[in-house]
Amino acid sequence: MPSKLFLVAISLSLLVVASCNKKSGSTIRNSNKVRVGYIGLTCEAPIYAAYEKGFFKEEGLEPELVKCGWSTYKDALALGSYDITHHLVMYFLKPIEQGLDVRFLAGIHRGCLRVQAGVKTNIHTIEDLKGKRIGVPGMGTPPFVFANRVFGVHGIDAGKDVTWKVYPAGELGLAIDKGEVDAVANAEPIGSLLIAEGKVRNIADQIMDAPYKDEYCCEVIANGKWVDANPDTAAKATRALLKGAKWVETNPRAAAVMAVEKKYLASTPELNTVALARLRYIPSVQLAEESVHSAGREMKVAKMLSSETDTEALAKRAFMHLPGVTDEWIKTLEVEKIAGAQVSPDEDIRLIAALIQKDSGDSCCRRKMFDQPDQDAPNLADPDAPCLEKNTVAAEQ
């Protein structure tokens, strides 16, 4: 039986938030208009870039960005509240197994998730985490899903063998310091900041460890009925998003600043630059398809998918090839390279150090600067505590 804890967390809601539902209905539109869903996450930079740099319009499309909430994102796509986006493979595979009609189309970026243990603990391997307390930014969030997968393939029952504790992402380090948790699961830039502060050691790293390092974390995904009825429009929208990904990879600093200045998310340019510089936006089609297969196999072992599921058949049903969206086309893709918009490894380290030195605000301000809109679950800390110092927040959501 799949882990009950995972099933509850990953299937939070069948309702659609108002902002995502205002134009729901038939997805068969046969036009050059495309609705692109987004939540307001750092890793959604290719969506912002494709929209702001005119990549959708270059494909002859009229794009509309549709702001959605995390907990209803899957259902909003399936119900036709928006047509296409890019999102976490592991987040959608279980709903697809259960009949959600959506399709993966291409790979956007490699992973940024980690499981980290406090340096003062005796935890050095994944197996050492059995019986321990794990801090996460929310049940059902990407770090939680990644940790479930990692635990499952190493013989740890995520529903019985560990204790989950929810904290705002910006307070995971504080939870480690206070001894309230033994380990944490997080996403960039939190993982790199905790390492730089000397608070944690990596136990499982999506950036460095096989098989995760060779997989796509997020892929282009579209409403099934819409893509079946509009394969050419879907292909154009996918190419625009892939071009956006390449632009972000080429110009991470410019992408980070643009996302903050255009108020797609609440952060600072420095923090967003650190996060984007650690992601690898290298678009692909074949590797994206292989990633769906490998994720499915490990999710089944981890009991995140039914023991009766044929994961190869599931992956074939979940991934769709589109005309003109190929690795050969991606090799011909060219984008501008903006002077000063890149981040060298040495500069990356300096940025992290500067962020640590600058981080002297109260916990509420730290929470607002680091947290992303994927933390919808109840937090152990008071999420509504008054802020004493708000100058660390670059833009309101």
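Within each chain, residue numbers correspond to sequence positions counted from 1 in written order. Owing to the predicted nature of the model, reporting of local features is limited to residues with pLDDT of at least 70; listing and counting of side-chain atom pairs is limited to 80 or more, with chain, interface and lining totals taken over all residues. To get the side-chain values, all heavy atoms of the structure are used, and hydrogens and water are removed first.

(A) Summary view of the overall build of the chain. Secondary structure elements are taken from DSSP: a helix is a run of H or I of four residues or more, a strand is a run of E of two residues or more, and numbering for both begins at the N terminus. For the chain, the count of helices and strands is 18 helices and 10 strands. Relative to its full complement of 397 residues, the chain shows a buried share of 59%. The long-range fraction of contacts in the chain, counting pairs at least 24 apart against all pairs at least 6 apart in sequence, stands at 82%. Note on areas: Shrake-Rupley with a 1.4 Å probe; residue coverage comes only from the protein chains shown. Total accessible area computed for the chain in this model is approximately 15900 Å², and 51% of it derives from carbon and sulfur atoms. Under the scheme applied here, a residue whose accessible area is under 20% of the maximum for its type counts as buried, over 50% as exposed, and between as partly exposed, the area being computed with a 1.4 Å probe on protein chains only. Contact criterion: two residues are considered in contact whenever any of their non-hydrogen atoms come within 4.5 Å of each other.

(B) Highlighting helix 13 (residues 269-278). Among the 10 residues that make up helix 13, 7 are buried, leaving the element largely enclosed by the rest of the structure. Among all positions in helix 13, only Leu271, Asn272, Thr273, Val274, Ala275, Leu276 and Ala277 are buried.

(C) Geometry of the sheet that holds strand 9 (residues 200-205). Read across the sheet, 5 strands follow the order 7-6-8-5-9 without closing on themselves; strand pairing throughout is mixed. In the strand order of this sheet, the two ends are held by strand 7 (163-166) and strand 9, each with one partner. For this sheet, the mean inter-axis angle between neighbouring strands, taken without regard to orientation, is 30°. Two elements, strand 6 (residues 133-136) and strand 7, share 4 bridges in a ladder whose sense is parallel. The residue of strand 7 that forms the bridge with Arg133 is Thr163. For two strands to be treated as a pair, DSSP must find at least two bridges joining them. Note on geometry: axes are lines fitted to C-alpha atoms, helical ones only across the stretch in contact, with angles between N-to-C directions running from 0 to 180 degrees.

(D) Quick peek at the pairing of strand 10 (residues 216-223). Among the 8 residues that make up strand 10, 8 are buried, leaving the element largely enclosed by the rest of the structure. For strand 3 (residues 84-88) and strand 10, the ladder comprises 5 bridges, and the chain directions are antiparallel. Paired with Leu88 across the strands is Cys218, a residue of strand 10. Here strand 4 (residues 102-110) pairs with strand 10 via 7 bridges, running antiparallel. What sits directly across from His109, in strand 10, is Cys218.

(E) Quick look at the packing of helix 6 (residues 89-97) against helix 14 (residues 286-301). Here helix 6 crosses helix 14 at 70°, and the two axes come no closer than 10 Å. In terms of their interaxial angle, helix 6 and helix 14 are classed as roughly perpendicular. Of the two elements, helix 6 crosses helix 14, and the hand of that crossing is right-handed. For the pair formed by helix 6 and helix 14, the contact residues are Val89, Met90, Leu93 and Lys94 on the first element and Val292, Ala295, Gly296 and Met299 on the second. Of the residues contributing to the contact of helix 6 with helix 14, the split by class is 6 nonpolar, 1 polar and 1 charged. Roughly parallel means an angle under 35 degrees; roughly antiparallel means over 145; roughly perpendicular covers 65 to 115; every other angle is labelled oblique. A clockwise turn of the near helix away from the far one marks a right-handed crossing, whereas an anticlockwise turn of less than a right angle marks a left-handed crossing. Residues are grouped as follows: Ala, Val, Leu, Ile, Met, Phe, Trp, Tyr, Cys and Pro are nonpolar; Asp, Glu, Lys and Arg are charged; all remaining types, including Gly, are polar.

(F) Fine view of the packing of aromatic side chains. Only rings of Phe, Tyr and Trp enter the pairing, Trp through its six-membered ring, and a pair is recorded when the two centres are within 6.5 Å. The plane angle decides the type: under 30 degrees is stacked, over 60 is edge-to-face, the rest tilted. Considering all chains together, one arrives at 8 aromatic pairs under this definition. On the basis of an interplanar angle of 10° and a centroid distance of 4.2 Å, the ring pair of Tyr48 and Tyr264 is categorised as stacked. One end of the pair, Tyr48, is in helix 3 (residues 45-52); the other, Tyr264, is in the loop between helix 12 (252-261) and helix 13, with 216 residues separating them in the sequence. Per residue, the accessibility class of Tyr48 equals that of Tyr264, and both read buried. Consider the rings of Tyr73 and Tyr82, whose centres lie 5.1 Å apart with planes at 25°: the pair is stacked. What makes Tyr73 buried here is its relative accessible area of 0%.

(G) View of the confidence of the model for the chain. Values of pLDDT, which run from 0 to 100, indicate the predictor's confidence residue by residue. Per-residue pLDDT for the chain has a mean of 84; in total, 80% of the residues score no lower than 70. Counting contacts from residues 8-18, a segment whose pLDDT is below 50, to residues more than four positions away or on other chains yields 25 contacts. Below pLDDT 50 for its whole length, residues 373-397 participates in 60 contacts with residues either more than four positions away or in separate chains.

(H) A look at the packing of helix 7 (residues 142-153) against helix 14. At their nearest, the axes of helix 7 and helix 14 sit 8 Å apart, and the two run at 65° to each other. Between helix 7 and helix 14, the crossing angle belongs to the class labelled roughly perpendicular. Remark: the crossing between helix 7 and helix 14 carries left-handed chirality. In this structure, helix 7 uses Arg149, Gly152 and Val153 to contact helix 14, whose residues at the interface are Ser294, Ala295, Glu298 and Val301. A per-class count over the contact of helix 7 with helix 14 returns 3 nonpolar, 2 polar and 2 charged.

(I) A look at the nonpolar core. Only buried Ala, Val, Leu, Ile, Met, Phe, Trp, Tyr and Cys residues count toward a nonpolar core, and they belong to the same one when joined by side-chain atoms within 4.5 Å. With 108 residues, the main nonpolar core has Ile84, Phe104, Phe151 and Trp164 as its most contacted residues. For this core, the leading source of residues is helix 11 (residues 231-250), giving 9 residues. Listed in part, the 10 residues of the second largest apolar core include Tyr167, Ile176, Val181 and Val200.

(J) Seen up close, unusual backbone geometry. A cis amide bond links Ala210 to the next residue, Pro211, at an omega of 0°. In this fold, Pro211 is placed in the loop between strand 9 and strand 10. Of note, Lys263 is a non-glycine position whose phi angle comes to about 60°, a positive value. Structurally, the position occupied by Lys263 is in the loop between helix 12 and helix 13. A positive phi is found at Lys303, a non-glycine position, where the angle reads about 65°. Residue position: Lys303 is located in the loop between helix 14 and helix 15 (311-318). Classification of Lys303 as partly exposed rests on a relative accessible area of 46%.

(K) Representation of the pairing of strand 7. Covered by surrounding structure in strand 7 are Trp164 and Val166 only, the residues Thr163 and Lys165 on the alternate face being uncovered. Looking down the strands as they point away from the viewer, one classifies a crossover as right-handed if the path from the first strand across the helix to the second runs clockwise. In this view, the connection linking strand 6 to its parallel neighbour strand 7 by way of helix 7 has right-handed handedness.

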